Amino acid sequence: QLEHREKLFNLINLYEGKLNDVGSLNNAFSSNWLKSAGDDVIKRIQRHVYNYFYNICKTGSKQNLWTTLKEKEKNFKGRGYAKSFIHLNMRATNEYSDRESLAYLYNRYMNPYERSFFQDNGISVNEELLAVSDLLQWVWRSRIRNGQTINLYLPSIRMRTLLKRWSKYEI
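A short tour of the structure in this document, coming up. Please read all numbers here as calculations on a predicted model, not as lab measurements.

Focus on the sheet that holds strand E3 (residues 101-104)
Working step 1: Pairing is parallel across the open sheet formed by four strands, whose spatial order is E1-E4-E3-E2. Among the strands making up the open sheet, the edge pair consists of strand E1 (12-14) and strand E2 (64-67). Direction aside, the axes of adjacent strands within the sheet are offset by 20° on average.

Some words on the pattern of salt bridges
Side chains that carry opposite charge are capable of pairing whenever their charged atoms lie near each other.
Working step 1: Applying the stated criterion across every chain, the model contains nine salt bridges.
Working step 2: The residue Lys-70 makes a salt bridge to Glu-73 at a minimum N-O spacing of 2.6 Å.
Working step 3: Overall, the relative accessible area of 46% leaves Lys-70 in the partly exposed class.
Working step 4: Here Arg-99 ties to Asp-98 by a salt bridge, and the two come within 3.6 Å at their closest N and O atoms.

Basis of the calculations
Residues numbered from 1 in each chain as written. Predicted model: local features only at pLDDT ≥ 70, side-chain atom pairs only at ≥ 80, totals over all residues. Heavy atoms only, no water. Pairing = 2+ DSSP bridges. Helix = DSSP H or I, 4+ residues; strand = E, 2+ residues; numbered from the N terminus. Axes fitted to C-alpha atoms, helices over the stretch in contact; angles between N-to-C directions. Salt bridge = Lys/Arg side-chain N within 4 Å of Asp/Glu carboxyl O. Buried < 20%, exposed > 50% of the residue type's maximum accessible area, 1.4 Å probe, protein only.

Printed below as a string of structure tokens:
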């Protein structure tokens, strides 16, 4: 079955620039990385998200959407975009189908207990495809669902690489 990945990927204006430097480590933005991030890193990410939305995309809070771990939401909330947070696992809603600029501040890895459970039961899970699937489910809340272009700030080098590989049918 043809998924038209290239066509979908062409609707995503994926940010490539210096604001991604904060996510240059392969584990950057993972659960453990986020939970141990110091105040200086948190403030830097807040500035990057604000800069991305307002100086690069030039979109206002009603056009923006962002996410990270729920327990880190209050840490990353920033001036002008705080109210545009939705959960990582938000599904099946058209409420945000007008949102143009997105920031996905997470790097999805499978929970070690879940991985062990599946392995113990002889089930292999493609963790890379799982990560991209969760990202795309979240991105689908935006106006991309209507065939419109979106802006995406994805500072995790791993998640950006996985998304690009997915678009080329490499995973």
